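The lines below spell out each chain.
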Amino acid sequence: MEDRETVPPPHPAQDITEHVGYRLKKAAAALRGAMDRALREHDLTVPQYSCLEVLDEHPGMSNADLARGTFVTRQSANVVLRGLKDAGLITQATSTDHGRALPIHLTTAGQQHLHAARGAVYAIEERMIGNIPARRLTALLADLDSMTEALDG
């Protein structure tokens with residue numbers, strides 16, 4: 001078995017807590033926990049909220065497109081969408097003029113639910129980035145995009 005001392009770290013780090021991946025995961029876990037707590041008051045889960053946000057920006061998406069847009073499997077997206085449909089927050093066509101994908105749209109209740117929950121989620125993001133100067137925030141977003149591209153490409 002190879003000793004971890006023989007594998008050089010990708011950048012100078014005293015321990016695992018100083019690695020970028022660890023810090024990203026820690027930040028994502030903190031964000032998810034804060035969102036879980038805030039969205040509970042709106043009877044939504046984070047995946048449900050994500051679906052509502054994506055559908056608000058791109059009405060008529062299919063199940064598969066929503067799964068990709070919310071970073072879940074199609075099976076998970078189906079479960080989330082069923083809950084949203086049962087709650088009367090979305091509608092899905094039963095047939096389509098072309099292709100097999102059935103377009104999904106927010107209902108009026110879905111729009112209202114989203115707008116009420118959005119304020120709570122945006123307040124969390126404001127808290128999260130509140131101490132980051134605007135010039136650094138722009139760079140941070142660009143750096144995150146670069147990291148994503150490096151791993152996806």
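Residues numbered from 1 in each chain as written. Predicted model: local features only at pLDDT ≥ 70, side-chain atom pairs only at ≥ 80, totals over all residues. Heavy atoms only, no water.

Regarding its fold elements, the chain presents six helices and two strands. Its helices and strands taken in sequence order, the chain reads α-α-α-α-β-β-α-α from the N to the C terminus. The C-alpha atoms of the chain give 19 Å as radius of gyration, which overshoots the globular expectation for 153 residues (15 Å, by more than 25%). Along the first, second and third principal axes, the C-alpha set of the chain runs to 60 × 35 × 30 Å. (Helix = DSSP H or I, 4+ residues; strand = E, 2+ residues; numbered from the N terminus. Rg over C-alpha atoms; globule rule 2.2 N^0.38 Å.)

Now for a nonpolar patch on the surface. Together, Val20, Leu24, Leu140, Leu141, Leu144 and Met147 give the surface a local cluster of nonpolar side chains, amounting to about 440 Å² of exposed area. Every element with two or more residues in the nonpolar patch is listed here: α1 (20-40) and α6 (134-152). Among the elements that line the nonpolar patch, the one with the most residues is α6, at four residues. (Patch = residues over 30% accessible without salt bridge, like charges linked within 9 Å, V, L, I, M, F, W, Y side chains within 5 Å. Areas by Shrake-Rupley, 256 points an atom, 1.4 Å probe, with all protein chains shown as cover. Salt bridge = Lys/Arg side-chain N within 4 Å of Asp/Glu carboxyl O.)

With respect to the element layout, Thr108 can be found in helix α5 (residues 108-129). Along the chain, Thr108 and Gln48 lie 60 residues apart, while their C-alpha atoms are 16 Å from each other.

With that settled, consider unusual backbone geometry. At Asp43, a residue that is not glycine, the phi angle is positive and equals roughly 55°. By relative accessible area, which is 66% here, Asp43 ends up exposed. A positive phi angle, close to 65°, is found at Phe71, a residue other than glycine. Following the sequence through the fold, Phe71 ends up in the loop between α3 (63-70) and α4 (74-86). On the basis of relative accessible area, Phe71 is assigned to the exposed category, the value being 76%. (Buried < 20%, exposed > 50% of the residue type's maximum accessible area, 1.4 Å probe, protein only.)

Locating Ala67 in the fold gives a position in helix α3. A relative accessible area of 3% places Ala67 in the buried class. For the pair Ala67 and Asn78, spaced eleven residues apart in the sequence, the C-alpha separation amounts to 8.4 Å.

Packing of helix α2 (residues 46-57) against α4 leaves a shortest axis separation of 10 Å and a crossing angle of 75°. The angle between α2 and α4 places the two elements in the roughly perpendicular class. Note on element contacts: α4 touches α2 through Val80, Leu81, Gly83 and Leu84, opposite Pro47, Gln48, Cys51 and Leu52. Residues that form the contact of α2 with α4 fall into these classes: six nonpolar, two polar and no charged. (Axes fitted to C-alpha atoms, helices over the stretch in contact; angles between N-to-C directions. Parallel < 35°, antiparallel > 145°, perpendicular 65-115°, else oblique. Contact = heavy atoms within 4.5 Å. Nonpolar A, V, L, I, M, F, W, Y, C, P; charged D, E, K, R; others polar.)

Should their charged atoms come close, side chains of opposite charge can pair. Summed over the entire model, instances satisfying the criterion amount to four salt bridges. Of the charged contacts, one joins Asp36 and Arg32 as a salt bridge, the two residues approaching to 3.2 Å between their closest N and O atoms. Here Arg32 and Asp36 lie together in helix α1, a separation of four residues that amounts to about one turn. On the accessibility criterion, Arg32 (42% relative accessible area) is partly exposed.

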